[in-house]
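Survey of secondary and tertiary structure
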Amino acid sequence: MGSPPVTVALIDSAVGPLTAGVTDAGLVLLEFSDRARLDPQLATLRRLFGATEFGRHSMLDRITAELAEYFAGTRRRFEIPLVIRGTPFQEEVWRALLTIPYGSTCAYSDIAERLGRTNGQRAVGLANGRNRIAIVIPCHRVIERAGGLRGYGGGLARKKFLLDLERGR
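So, how was this worked out
Residues numbered from 1 in each chain as written. Predicted model: local features only at pLDDT ≥ 70, side-chain atom pairs only at ≥ 80, totals over all residues. Heavy atoms only, no water. Disulfide = S-S within 2.5 Å. Buried < 20%, exposed > 50% of the residue type's maximum accessible area, 1.4 Å probe, protein only. 1 Å grid on protein atoms, 1.4 Å probe; cavity = no way out; pocket = protein on both sides within 12 Å on 5 of 7 lines; lining within 4 Å. Points joined across faces, edges and corners; volume = space filled by probe spheres on them. Helix = DSSP H or I, 4+ residues; strand = E, 2+ residues; numbered from the N terminus. Nonpolar A, V, L, I, M, F, W, Y, C, P; charged D, E, K, R; others polar. Phe/Tyr/Trp six-rings, centres within 6.5 Å; stacked < 30°, edge-to-face > 60°. Salt bridge = Lys/Arg side-chain N within 4 Å of Asp/Glu carboxyl O. pLDDT = per-residue confidence, 0-100. Pairing = 2+ DSSP bridges.

**Structural notes on the state of the cysteines**
Any covalent bond linking the sulfur atoms of two cysteines counts as a disulfide. Per the counting criterion, the structure on display carries 0 disulfides. Counting only cysteine sulfurs, Cys139 is the nearest neighbor of Cys106, a cysteine outside any disulfide, at a range of 12 Å. Exposure remark for Cys106: the relative accessible area of 9% places this residue in the buried category. Overall, the relative accessible area of 8% leaves Cys139 in the buried class.

**Some points on the layout of surface pockets**
In this model, the largest pocket occupies a volume close to 400 Å³. Residue assignment for the lining of the largest pocket shows that the elements contributing at least two residues are strand 3 (26-32), helix 4 (108-114) and helix 5 (121-129). Taken together, the residues of the lining of the largest pocket sort by class into 8 nonpolar, 9 polar and 6 charged.

**Digging into the packing of aromatic side chains**
Within this structure, the stated rule accounts for 4 aromatic pairs. Taken together, a centroid distance of 5.1 Å and an interplanar angle of 75 degrees make the contact between Tyr70 and Phe71 edge-to-face. By relative accessible area, which is 17% here, Phe71 ends up buried. Each ring, one from Tyr70 and one from Tyr102, has its centre 6.3 Å from the other, and the planes form 90 degrees; the classification is edge-to-face. Of the two residues, Tyr70 is situated in helix 2 (residues 58-71) and Tyr102 in the loop between helix 3 (88-97) and strand 5 (106-107); the sequence distance between them amounts to 32 residues. Considered together, Tyr70 and Tyr102 belong to a single accessibility category, that of buried residues. By the ring-pair criterion, three or more aromatic residues cluster together here, those being Tyr70, Phe71, Phe78, Tyr102 and Phe161.

**A closer look at the pattern of salt bridges**
Summed over all chains, the structure comprises 8 salt bridges. Here Glu79 and Arg75 are joined by a salt bridge, their closest N and O atoms 3.7 Å apart. Because the salt bridges share partners, they merge into one network encompassing Glu69, Arg75 and Glu79.

**A short note on the confidence of the model for the chain**
If pLDDT is low for a region, its predicted coordinates should not be looked at in detail. Averaged over every residue, the pLDDT of the chain is 90; residues scoring 70 or more account for 96%. Mean pLDDT across the elements of the chain ranges from a minimum in helix 1 (residues 38-49), with 83, to a maximum in helix 2, with 98.

**Some remarks on the pairing of strand 2 (residues 18-23)**
Most of strand 2 sits inside the fold, with 6 of its 6 residues counted as buried. Side chains Leu18, Ala20 and Val22 project from strand 2 onto one buried face, and the interleaved Thr19, Gly21 and Thr23 project onto a second face that is buried too. Pairing of strand 1 (residues 6-11) with strand 2, which is carried by 5 bridges, proceeds in the antiparallel orientation. Counterpart to Val8 in the pairing with strand 2 is Gly21. Taken together, strand 1 and the strand that follows it, strand 2, pair antiparallel across an intervening segment of 6 residues, in which Gly16 is found at a positive phi of about 100 degrees. Following strand 2, the chain reverses through 2 residues before pairing antiparallel with strand 3.

Structure follows, in structure tokens:
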């Protein structure tokens, strides 16, 4: 018998519709529904986890509630379990992203240095771009060394919105 499918649903949010995917173990996908990479992300999910199907799941209810609290400014930390699958380096980068505090930012080069890859900011950027769990794994908190916004799959307007939200603006 195969593994249970990933249950997928659309969630309305302050940054537009999000596509969420969950298993009994936790959140495996949170992506901007209008993003061109959504179809490839869903294909990757099917490769990593098996079938996907639209439906209801208690983990979907949980991420919907946590996102509503986040956008209302009352949640600073997500508690839903995450199911992170990628290359060892990608997983290392994604775990590093989880350590960036709410309302803070850091540079791609800071993460590369933290991971022992002094000149690895490009590799960090690529791993950041392959993050399948937007917002919860806060890739929006990674910026250029000089402070500029750059490289957000959901678009720079969303990145700015999320950073401003977290800074109380």
